Each structure stands twice: as C-alpha cells, then as structure tokens.
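This is what each chain is made of:
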Amino acid sequence: MAKRVILAYSGGLDTSVIVRWLVERGFEVITYTADVGQGEELGEIPDKARSAGAVEAIVEDLREEFAREYCLPTLKALALYEGKYPLSAALSRPLISKKLVEYAEKMNADYVAHGSTGKGNDQVRFELSVWALNPNIEVLAPVREWEFKSRDEEIEYAKRFNIPVKATKEKPYSIDANLWGISIECGPLEDPWQEPPEDAYEITRSPEEAPDEPEFVEIGFEGGVPVSVNGEKFRELYRLVEELNSLGSKHGIGRIDMVENRLVGIKSREIYEAPGATILYEAYRDLLSLTTDRFSFHYFMNNVPHEYAKIVYEGLWFSPVREALDSFNDKLSENASGTVKLKLYKGSVSVVSRKSPYSLYVEDLATYSPEDSFDHVAGMHFTKVYGLPLKVLGRVRSGK
Ligand code: ARG
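Residues numbered from 1 in each chain as written. Predicted model: local features only at pLDDT ≥ 70, side-chain atom pairs only at ≥ 80, totals over all residues. Heavy atoms only, no water.

A. Geometry of the overall build of the protein. Of regular secondary structure, the protein possesses 15 helices and 14 strands. The C-alpha extent of the protein, read off along each of the three principal axes, is 85 × 50 × 45 Å. Across the protein, contacts joining residues at least 24 apart in sequence account for 72% of those joining residues at least 6 apart. Counting every atom, the protein has about 20500 Å² of accessible surface; 51% of that belongs to carbon and sulfur. (Helix = DSSP H or I, 4+ residues; strand = E, 2+ residues; numbered from the N terminus. Contact = heavy atoms within 4.5 Å. Areas by Shrake-Rupley, 256 points an atom, 1.4 Å probe, with all protein chains shown as cover.)

Dropping the structure here:
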C-alpha cells in the first residue's frame, strides 16, 4: 500500500513540485489548502494539485476560525514580536498544522508535509504543532533535502512532469499573506540599508499617497472582542478585520520594517503590512488601560506581551503556557467593553477618545476643577510614607 501524506499546499511552484517529488518517492499525496484570508482565488487549487499528481485536494475556509481562535487571543495579549511584528505568519502555522493532523487521522495517513525551508521559523512551527497534537505522525519537509538548487531547476522539473507553471515574471519577494498581515522578504529587502521599494508592499498605500484629510474610526468592543466599526456590527470577526485592513491600507497604516531574530540564530530583514491588526492593537491597549486596575494592568504589560509573542513566534502555540496566559488575558478582557475612537492619518493611527461602562476613570477624582473630590491631605501623608526609603537613603548619602 502506498504511503499516504497530507501536504500543506499553497498552489505555488514549491508546493506543486513537492507533490510530484513525493509521488516519485512512492507517496500517495493529498493536498490541503486553507483560506486564512490571503486574498487569493482558491478555485483553481484542486485542478492544480491534481495535475501535479495529487489524488485528492482539500480546500477549506478557515477565516473565522483563524480570526477568533488565533488572532483574537494574540490581540488580547497585545503580543508583538520584538516589539513590532504582530505575528501574522506565525499564527497561521499552528492552525494549518492542526488541520493537517485532523485529516491525517481521518484519512489514515502516517505523514504530513510542508514546504518550509531549513532556515526559517515556519518548519519549527509546523513540526512542533504536529508533534504536540499527534506525536506518531511523521513530518516531511522536502525543500530541506531535495536536489534543486534554484528556482530554474524547479521550473525545469515542473515542465518535465507537465506541472503548470505561471509564465508571469514573478516578483523577487517571498510573500506570506493572511487576514492578520502580510510578510515580505527576499530580493532587494535583503539589504537592510535599502529602503523597501514601493512595489514590495502588497496592500497599503504609502503615507505620502494617503489622503490629506484624516479619517476617524470608532471600534466597539464587548469583553475584549471587537464587534463593530463605526456603529456597524460584525458577526464575523474576520470581516471586521478585513474592513479595518482596507480602511488602514487607504491611510498607509501598518507598515513595519524590521531586522528580526529568527529561531535558527540568524537575523533577517522583513517587512510587514498589518493595517487592521495595527489599528486593533492601538484600540485594545487603550481600552484595556481604561478598564483595568493599575496592579493588574502593570502586571499584564510587564509579563504578557513579550512572553506571548515569543511563545507564538517560537512555535509553542499548543503548549500549556500559552493556554494559561490566554486564561489570564480573558480574565482582564471581561471588562474591556466600550468604544475607542481613532484617527487615521498618513501612516499613523492614534486614539483620540474612549468610553466604557466599566471605565475606572473617575472624573471628580481626576479633575483640577472645583468639583475635585480627591483628598489632598491624604496625598501629603501618602507621599511622606511612600518617600521614606529615599529620604533615609538621602540622609545616609549626604551624612545629614
Ligand atoms: N519572519 C516571519 C515569521 O517568521 C515571516 C515569515 C513568513 N514567510 C515568508 N515567506 N515571508 O513569522
């Protein structure tokens, strides 16, 4: 009996060549393609997969599951890798891995396969996710071991087996896209001293080209979940993110250019476009600070965003630590209901106002007007006691 493998299939050159390469090595290949909001037409995928040699091609719409189960918890963690990257590519891998495992179990396949290289993060994310869910499944990564040394050699191989190859001149970039953001690397971006050429960006307008008038947007949240944009309710979270992606793109928001530390020890220059995520992070951070007491908010900010980002980036999605942090973040988000108003203007997004039924901002405590109810004498005593350690230190240091 042929060995059966479920391959994560994008329909591009690499994964199409992988299909044939596996068939040539005695595998029966079933391809799996997910719609995670990459904005590509997936209608032709089954034909493509079959003409490359697959016996079956599965295509699934995972946009809502991706938005709710992966993007939303990451938003609630305000996780940004190395303070900048909202983890878009890193988030889709565990979801796709989960589906590969489910289909492998359903269809009696002992193998799953992916198209990641040996020097990226994605191999780690795929493999750790698969093993955490089913350690008996073997993961194949043909690109790490095959004989092709260039794209041209792959194209030659594809032609030999009548695998259709797009004739169009490909851009020099390697792109990974989904609802939460787009990652772009390679080509001219490999020189970190070179400003990204305008054609590297897929969806955002440049801030220079953005409208000269600012635009305001109001985002409504219920228990930490974004539910409306400018008063319009969205039942599907992925549609809300799409709406913010197009609003943000128009204003040049969410372009990120960074040199990041990969898991395998190298630094790489990447650019990202994440307009919707960037707007949502700004909004959620502001609302959370409004509705969370100081002790909990500081604990959260000091301990969660960076740690959570590392967990996601480093392939540990299916780990108890991520689940435990989710519980913590869900607790804080219980009160994160309300509305945040933001101003979008030439590449920048800033919160201009916010309100919440659970707001901890108390006007008569904060005001400097005659309505002030704050106990100023208590402030004097507080300062005296709170400052005592430094007063003592001052005495010892100065000898007075
Ligand atoms: N560096 C990013 C990450 O590790 C993006 C990688 C996505 N792949 C790509 N072909 N651009 O999450």
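Structure's up, so let's keep going.
B. Focus on the environment of Lys99. By secondary structure assignment, the location of Lys99 is in helix α4 (residues 88-106). For Lys99, a relative accessible area of 9% gives the class buried. Considered as a pair, Lys99 and Thr33 are 66 residues apart in the sequence and their alpha carbons are 9.7 Å apart. In contact with Lys99, not counting residues within four places along its chain, are Tyr32, Glu60, Leu62 and Glu65. (Buried < 20%, exposed > 50% of the residue type's maximum accessible area, 1.4 Å probe, protein only.)

C. Structural context of the site of the ligand. As a matter of local geometry, the ligand sits amid 14 residues, with Tyr85, Asn121, Arg125, Ser174 and Glu260 nearest to it. A distance of 3.0 Å separates a nitrogen atom of the ligand from a polar side-chain atom of Glu270. Taking Tyr272, its side chain carries an N or O atom lying 3.2 Å from a nitrogen atom of the ligand. Starting from 340 Å² of accessible surface for the ligand in isolation, the protein chains cover 92%. (Near = heavy atom within 4 Å. Polar contact = N/O pair within 3.5 Å; in protein donor to acceptor, adjacent residues only side chain to side chain.)

D. Molecular detail of unusual backbone geometry. A positive phi angle, close to 55 degrees, is found at Asn108, a residue other than glycine. Positionally, Asn108 belongs in the loop between α4 and β4 (111-113).

E. Up close: helix α1 (residues 13-24). Relative to the 16 Å expected for twelve residues at 1.5 Å per residue, α1 spans 17 Å between its end C-alpha atoms, a close match to the ideal helical length. For α1, a buried count of nine out of twelve residues is recorded, marking the element as mostly surrounded by other parts of the structure. Residues of α1 that are buried include every one of Leu13, Thr15, Ser16, Val17, Ile18, Val19, Arg20, Trp21 and Leu22, and no others. (Expected span 1.5 Å × (residues − 1).)

F. Quick peek at helix α11 (residues 305-313). Along α11, the residues that are buried comprise Pro305, Tyr308, Ala309, Ile311, Val312 and Tyr313. Considering only its buried residues, α11 is in contact with α3 (63-76), α4, α5 (122-133), β11 (255-261), α10 (294-303) and α12 (320-333). With its phi angle positive at about 85 degrees, Gly315 sits one or two positions after the end of α11.

G. A look at the packing of α3 against α4. Where α3 meets α4, the axes come as close as 10 Å, and the angle between the chain directions of the two elements is 135 degrees. Taken as axis vectors, α3 and α4 run oblique relative to one another. As α3 runs across α4, the sense of the crossing is right-handed. Here Glu65, Phe66, Tyr70, Cys71 and Thr74 of α3 come into contact with α4, specifically with Ser88, Leu91, Ser92, Pro94, Leu95, Lys98 and Lys99. (Axes fitted to C-alpha atoms, helices over the stretch in contact; angles between N-to-C directions. Parallel < 35°, antiparallel > 145°, perpendicular 65-115°, else oblique. Left-handed = near helix turned anticlockwise from the far one by under 90°.)

H. Expanded view of the packing of α10 against α12. Taken N-terminus to C-terminus, the directions of α10 and α12 make an angle of 145 degrees; their axes are 12 Å apart at the nearest point. By crossing handedness, the relation of α10 to α12 is classed as left-handed. Counted together, Ser296, Tyr299 and Phe300 of α10 and Phe328, Asn329 and Leu332 of α12 form the full contact between these two elements. Here the residues of the contact of α10 with α12 are counted per class, giving four nonpolar, two polar and no charged. (Nonpolar A, V, L, I, M, F, W, Y, C, P; charged D, E, K, R; others polar.)

I. Here's a closer look at a negative patch on the surface. Among the surface-exposed residues, Glu147, Asp152, Glu153 and Glu156 lie close enough to one another that they form a single negatively charged patch. Looking at the element boundaries, Glu147 is found in the loop between α6 (142-145) and α7 (151-160). By relative accessible area, which is 39% here, Glu147 ends up partly exposed. (Patch = residues over 30% accessible without salt bridge, like charges linked within 9 Å, V, L, I, M, F, W, Y side chains within 5 Å. Salt bridge = Lys/Arg side-chain N within 4 Å of Asp/Glu carboxyl O. Lys, Arg positive; Asp, Glu negative; His and termini not counted. Charge placed at Lys NZ, Arg CZ, Asp CG, Glu CD.)

J. Geometry of the packing of aromatic side chains. Applying the stated rule across the entire model yields 16 aromatic pairs. Ring plane angle 85 degrees and centroid distance 5.1 Å describe the contact between Phe27 and Tyr111, whose orientation is recorded as edge-to-face. With Phe27 in strand β2 (residues 27-35) and Tyr111 in strand β4, this pair connects stretches of sequence that are 84 residues apart. Residue Phe27 shares its accessibility class with Tyr111, and that shared class is buried. A cation over a ring is seen here: Lys106 above Tyr103, with NZ or CZ 4.4 Å from the ring centre. (Phe/Tyr/Trp six-rings, centres within 6.5 Å; stacked < 30°, edge-to-face > 60°. Lys NZ or Arg CZ within 6 Å of the ring centre and 35° of its normal.)

K. Spotlight on the sheet that holds strand β7 (residues 181-185). Ordered in space as β6-β7-β12-β11, the four strands form an open sheet in which the pairing is antiparallel. Each of the sheet's edge strands pairs with one partner strand only, and the pair in question is β6 (174-178) and β11. Strand after strand, the sheet turns through a mean of 20 degrees between neighbouring axes, direction not considered. Looking at chain direction, β6 and β7 are connected through five bridges and run antiparallel. Pairing of Ala177 across the sheet is with Ile182, part of β7. (Pairing = 2+ DSSP bridges.)

L. Spotlight on the pattern of salt bridges. Inspection of the entire model under this criterion finds 26 salt bridges. Sharing partners across several salt bridges, the network here consists of Asp35, Asp61, Arg63 and Glu242.

The values reported here are purely geometric and, on their own, carry no functional implication.
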